[in-house]
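One letter stands for each residue in the lines below.
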Amino acid sequence: MNALGLRLPTSGLQFASPLDLAAWTIAAGVPVGIIALYFLKLRRKPVRVPSTLLWRRSMEDMHVNSLFQKLRRNLLLFLQLLAVALAMLALAGPRFNGSAGEGRRFVLAIDQSASMSATDIAPSRLARAKAEARKVVESMEENDLAMVIAFSDRARVISNYTANRRELVRRIDAIEPTRASTSLREALQVAAGLANPSKMIEGVAATSIVAPKLLIYTDGGFADVEGFSLGNLEPEVVVIGPPSPPNATAADGETPVATSRTPTSDNVAILALQAGRNEDKPEEFQVFGRVRNFKGEDVETRARLLRHDPLKPSAEGTLVDEIDLKLPAQGEQSFKFDLPDAGSAELEVRLDLKDAQPLDDRAFALVGNLRQAKVLVVTPGNRYLVDTLQTSLAEERADVEVVGPDALKTDPVARDLASGAYDLAIFDRVTPTSDPESNAIYFGALPPGPAYAKSTPVTAPIVMDWNVGHPLLQFIRDLPTIRISKALAVEPPAGSTVLIEGNGGPLAFLAPRAGGYADAVITFSLVDGKEFNTDWVLKYSFPLFLYNALQLLGNVGEAVGEEAHPPGQPIVLRADAATETVNLTDPSGRTTTLPKTTQGTFVINATDRTGFYRASWTPRGGKGYAVNQFDPREADLSPRGLVPAGATEAEADAYKIKIGYNPVSGSRQSAPARVDWWKPLALLALGVLLVEWYIYNRRVYL
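Source: prediction; values computed, not measured. (Residues numbered from 1 in each chain as written. Predicted model: local features only at pLDDT ≥ 70, side-chain atom pairs only at ≥ 80, totals over all residues. Heavy atoms only, no water.)

1. Concerning unusual backbone geometry
Look at the link from Ala-122 to Pro-123: it is a cis peptide, with omega at -10°. As for its placement among the helices and strands, Pro-123 is situated in the loop between strand E3 (105-111) and helix H4 (125-138). Positive phi, close to 50°, is recorded for Ala-460, a residue that is not glycine. Assignment of secondary structure puts Ala-460 in the loop between strand E24 (455-459) and strand E25 (463-466). Take Ala-460: its relative accessible area is 43%, and that puts it in the partly exposed class. (Helix = DSSP H or I, 4+ residues; strand = E, 2+ residues; numbered from the N terminus. Buried < 20%, exposed > 50% of the residue type's maximum accessible area, 1.4 Å probe, protein only.)

2. Some details on the sheet that holds strand E13 (residues 268-277)
In any sheet, the strands associate via hydrogen bonds between backbone groups, in a parallel or an antiparallel arrangement. Strand order in the open sheet made by the three strands is E13-E14-E17, with antiparallel pairing throughout. The open sheet is flanked by E13 and strand E17 (332-340), the only strands paired with a single partner. Strand-to-strand twist in this sheet, taken as the mean axis angle between neighbours without regard to direction, amounts to 15°. Across nine bridges, E13 lies against strand E14 (residues 284-293) in antiparallel orientation. By the bridge assignment for E14, Gln-274 is matched with Phe-288. (Pairing = 2+ DSSP bridges. Axes fitted to C-alpha atoms, helices over the stretch in contact; angles between N-to-C directions.)

3. Section: the sheet that holds strand E10 (residues 234-239)
On the basis of which strands lie adjacent, the open sheet formed by six strands has the order E5-E4-E3-E8-E10-E40 and mixed pairing. Only two strands of the sheet have a single neighbouring strand rather than two, namely strand E5 (155-162) and strand E40 (666-667). By the bridge criterion, two bridges tie E10 to E40 in an arrangement that is parallel. Counterpart to Val-237 in the pairing with E40 is Gly-666. Contacting E3 and strand E8 (213-218), H4 runs over the sheet at an angle of about 175° to E3. In the packing of helix H5 (residues 165-173) onto the sheet, contacts are made with E3, strand E4 (145-151) and E5, and the angle to E5 comes to roughly 170°. (Contact = heavy atoms within 4.5 Å.)

4. Here's the deal with the environment of Ser-496
With respect to the secondary-structure elements, Ser-496 resides in the loop between strand E26 (486-490) and strand E27 (497-502). Counting along the chain gives 17 residues from Ser-496 to Arg-513, while the straight-line C-alpha distance between them is 9.6 Å. Every residue in contact with Ser-496, bar those within four places of it in the chain, is listed here: Phe-509, Leu-510, Ala-511 and Pro-512. Within the structure, Ser-496 has its side chain in polar contact with the backbone oxygen of Pro-493 (distance 2.6 Å). (Polar contact = N/O pair within 3.5 Å; in protein donor to acceptor, adjacent residues only side chain to side chain.)

5. Some thoughts on the packing of aromatic side chains
Evaluation of the coordinates by the stated rule reveals nine aromatic pairs. Pairing Tyr-452 with Phe-509 gives two aromatic rings, centres 6.4 Å apart and planes at 10°, and the pair type is stacked. In this pair, Tyr-452 is assigned in the loop between strand E23 (439-443) and E24 and Phe-509 in strand E28 (residues 505-513), connecting sequence segments 57 residues apart. Here Tyr-452 falls in the buried class, since its relative accessible area comes to 11%. Exposure remark for Phe-509: the relative accessible area of 0% places this residue in the buried category. When the ring of Trp-536 is compared with that of Phe-542, the centres are 5.3 Å apart and the planes differ by 75°; the resulting orientation is edge-to-face. Just as Trp-536 is buried, Phe-542 falls in that class too. Over the aromatic face of Phe-294 sits the side chain of Arg-292, whose NZ or CZ is 5.4 Å from the ring centroid. Taking NZ or CZ as reference, Arg-640 lies 5.6 Å from the ring centre of Phe-222, over its face. (Phe/Tyr/Trp six-rings, centres within 6.5 Å; stacked < 30°, edge-to-face > 60°. Lys NZ or Arg CZ within 6 Å of the ring centre and 35° of its normal.)

6. Remarks on the pairing of strand E38 (residues 657-660)
By the bridge criterion, two bridges tie strand E9 (residues 225-226) to E38 in an arrangement that is parallel. Across the sheet, residue Glu-226 finds its bridge partner in E38, namely Gly-660. With three bridges connecting them, E38 and strand E39 (residues 662-664) associate as antiparallel partners. Bridging from a neighbouring strand, Lys-658 pairs with Pro-663 of E39. From the end of E38 to the start of E39, which pair antiparallel, there are one residue.

As structure tokens, then:
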């Protein structure tokens, strides 16, 4: 609907004039007035003559100055009318909806992953992406709608469909960079889910009128999303990053040679860092790392090892050692630091260089952060079990307390089991009266409760299979060789994971329990009186199983501090069972309090920053975590999606991003949703006026 109240087509040429009907009426009188002024310009003085024989020429002049003939050859009048016509046309506000504006619903998906923080596009790639998105918003018409999605490894709806351009710009400007990796699939799922159904938003159906246009602002640092149905979304990728190098022409001038193997990635990144005890020298720690050069030229740099004080999280750190690195173009190099055992330490490796992505020039690791599990063993006397838990390696992981079955009836033990004083309780041929407030392992016995009321004895069961992928059975390979005399056949409760499958039913399974705990049930005992019930205790796999159990069920594994935690991913923390809150200090030094979940755990969700996260609680201490950006896809800053100049049609497909069922070629910037023609028309009118002024003053033609 234009200013005159006329509904114009929604695509193609349109008019949007700022003048109302009265103003147009006045404007229409301008050309009429110009013509009238030309008529008034001719002033004649009547003269009486006896004959017109000698005045033919004057008669011809009168003929020329008749009502219409006198204007026929007046160039100035023509130019003035042309200028007025162009000015009026410019005031009519003509605009043309180009191909990019074919849809009047826009879905703006902005990549905020780690690679978008690169500064090779000033001031940053994310800032350029937001600027391109703002162009689309600012070119929207009154009846257009747009929504905004920000995505990295997860997608968030920043703004639902709205026609409020000011609000859309404000929401776009509020998008912040993250350290997370990129997953376009989730962004597509969100966009397709919100855009494809016909939704009534702001009084109109958002998607039933025209197909929404999906504009993705990214550097292409993600895997192709093939086979995904976009519905009626029309994708378009706006690639943010330096241009791809053109395909050069070979010397013979016939075959183009692809030079894109030299990417435009100004970055050197640490892709791995791990710390551990030196197996040959237990009194030493070792820090291993790997650095990759994504540049197209050789780089010499230095890796510096710094030690941080946990009490000063924002301090710079103390230099421990440094190593010179020589990285070939597109190559990588490993490094290693040796340092004496000095207890728990927070270590950082920092590259001494400047590139477009400083984020991955630093990496973090923890050493000596072991936490001992508190373990209760209830056994009538099983020295094989007890001796295995008292090896040097097991004692490093667990503080083991051994009691007899009668101790379960005493108040101190019963109170500690009920209060969660232990991380793990092991019951050897003994069943407590109630579930302990901890994880538990049962050998030759079943947990209390009706779920285990029905069981039948099995004689000489045979191991048929075992779950090699489960953490409790990792590195265990000799289970088929063990012999078992007697076992119990029981149906595991719902949600259980079978660990060892026998010919008479499960021989071992892991059952979840209320409170976030788990029961590992071994349906056969290790000994029967003074005799072996199984020779498993004589195999290598038995101490391995107990070690894995301390790591997993004793929560020791969480305390090693060597696990890789990527940014943005939640970390599940187990503290002492009696602990209700945990204080968490992030890399910036900010401390927050985490409540206990219904599963008995603590979840650290705010892990957007790389660095050290320190959790502490009373009265038993805490543990630390190192969060690192080790994603090679995010570290490789060469943009993807742009077809280099000179590439053939067959070569171009290799550069395109696969979205849905067809490859999508990227563009360097957003095409405007509409093209306004009033500016060139106004300039053209001004040019005509200048010509008219020149002709009038120079009397070139009158």
